[in-house]
Amino acid sequence: MQFTQQHYFALKLFSTLGCGLMAGVFFAFSTFVMNALASLQPKQGITAMQSINITVINPLFMGIFLGTAATCILIAGSALLKWYQPKAVYLLIGSLFYLIGTFGITILCNVPLNEALAIADPDSAEGESLWANYLTNWTIWNHVRTISALLASAAITIALYE
């Protein structure tokens, strides 16, 4: 099967929508979910976030999160191969925003925080201390993911107009 302009457009469109969806999910966490969890007693907040971190691993969410990363890799590679095209820079920048600022930050920053929280005892003083640090650090990195996914969506959207 030959890769046509229609296939390439669909790839860019999926990436744009995926970046936008991820920006929305992360935005929700940054603007109200983490605040709501912080307003709970530490034991309740820890337990709720532990549950969220388990239920987020599902086919639909992971399909969009990982699928968008995969399409961004393809788009970045294509942009490098077609660097002479006017919108290639937007495709590369958008893809890198998602791959580094969203996917990379998730793997390097948010996931390790989630893993530490997963083994925390919600009833302990250590768990309470971990929770206080978790709320601050996780949310800061989530802000980075939100902005990166939004910028990725914007850059790839610009490239859709040829």
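See the structure printed just above.
What counts and how
Residues numbered from 1 in each chain as written. Predicted model: local features only at pLDDT ≥ 70, side-chain atom pairs only at ≥ 80, totals over all residues. Heavy atoms only, no water. Disulfide = S-S within 2.5 Å. Axes fitted to C-alpha atoms, helices over the stretch in contact; angles between N-to-C directions. Helix = DSSP H or I, 4+ residues; strand = E, 2+ residues; numbered from the N terminus. Parallel < 35°, antiparallel > 145°, perpendicular 65-115°, else oblique. Left-handed = near helix turned anticlockwise from the far one by under 90°. Nonpolar A, V, L, I, M, F, W, Y, C, P; charged D, E, K, R; others polar. Buried < 20%, exposed > 50% of the residue type's maximum accessible area, 1.4 Å probe, protein only. Lys, Arg positive; Asp, Glu negative; His and termini not counted. Salt bridge = Lys/Arg side-chain N within 4 Å of Asp/Glu carboxyl O. Contact = heavy atoms within 4.5 Å. Phe/Tyr/Trp six-rings, centres within 6.5 Å; stacked < 30°, edge-to-face > 60°. Core = buried A, V, L, I, M, F, W, Y, C linked by side-chain atoms within 4.5 Å.

A.B. asks: I tried to follow the state of the cysteines on my own but got confused; where do I start?
C.D. replies: The term disulfide refers to a covalent linkage connecting the sulfur atoms of a pair of cysteines. Considering all chains together, one arrives at 0 disulfides under this definition. Cysteine Cys-19 shares no disulfide, and the gap to the nearest cysteine sulfur, in Cys-72, comes to 4.2 Å. Free of any disulfide, Cys-109 has its nearest cysteine sulfur in Cys-19, 18 Å distant.

A.B. asks: What am I meant to see in the packing of helix α4 (residues 88-118) against helix α5 (residues 125-160) here?
C.D. replies: Helices that pack against each other are described as a pair by the angle of their axes relative to one another and the distance between those axes. With their axes 8 Å apart at the nearest point, α4 and α5 run at an angle of 165° to one another. Our classification of the angle between α4 and α5 gives roughly antiparallel. Like other packed secondary-structure pairs, α4 and α5 cross with a definite hand, here left-handed. Among the residues making up the contact of α4 with α5, the classes are represented as 22 nonpolar, 10 polar and 1 charged.

A.B. asks: Help me out: how do you make sense of the side chain of Arg-145 in this one?
C.D. replies: With respect to the element layout, Arg-145 can be found in helix α5. The charged side chain of Arg-145 is buried without a salt bridge, its nearest counter-charge being Glu-115 at 12 Å. In contact with Arg-145, not counting residues within four places along its chain, are Phe-26, Gly-101, Thr-102, Ile-105, Thr-106, Asn-110 and Trp-138.

A.B. asks: Is there a simple way to think about the packing of aromatic side chains in this case?
C.D. replies: Aromatic rings considered in pairs are described by the distance between their centres and by the relative angle of their planes. A full pass over the atoms with the stated rule returns 6 aromatic pairs. Aromatic pair Trp-131 and Tyr-134: ring centres 5.6 Å apart, planes at 15°, arrangement stacked. One end of the pair is Trp-131 and the other is Tyr-134, both in helix α5 and 3 residues apart, which spans about a single turn. Accessibility classification places Trp-131 together with Tyr-134 in one group, the buried group.

A.B. asks: Sorry, what's going on with the nonpolar core here?
C.D. replies: Burial of nonpolar side chains together is a common tendency in soluble globular proteins. One finds Cys-19, Met-22, Phe-65, Cys-72, Leu-91 and Tyr-98 to be the most contacted residues of the largest nonpolar core, which totals 22 residues. Of all the secondary structure elements, the ones that give two or more residues to this core are α1 (5-38), α3 (59-81), α4 and α5. Setting aside anything within four residues of it in sequence, one finds Cys-72 in contact with Ser-15, Cys-19, Ser-95, Tyr-98, Leu-99 and Ile-156. Residues Met-34, Trp-131, Leu-135 and Trp-138 belong to the second largest nonpolar core, which totals 12 residues.

A.B. asks: What am I meant to see in the packing of α1 against α3 here?
C.D. replies: At their nearest, the axes of α1 and α3 sit 9 Å apart, and the two run at 135° to each other. Judged by the inter-axis angle, α1 sits oblique to α3. Along this stretch, α1 crosses α3, giving a crossing that reads as left-handed. Residues Tyr-8, Leu-11, Lys-12, Phe-14, Ser-15, Gly-18, Cys-19, Leu-21, Met-22, Val-25 and Phe-26 of α1 lie in contact with α3, whose contacting residues are Phe-61, Ile-64, Phe-65, Gly-67, Thr-68, Thr-71, Cys-72, Leu-74, Ile-75, Ser-78 and Ala-79. Here the residues of the contact of α1 with α3 sort into 15 nonpolar, 6 polar and 1 charged.

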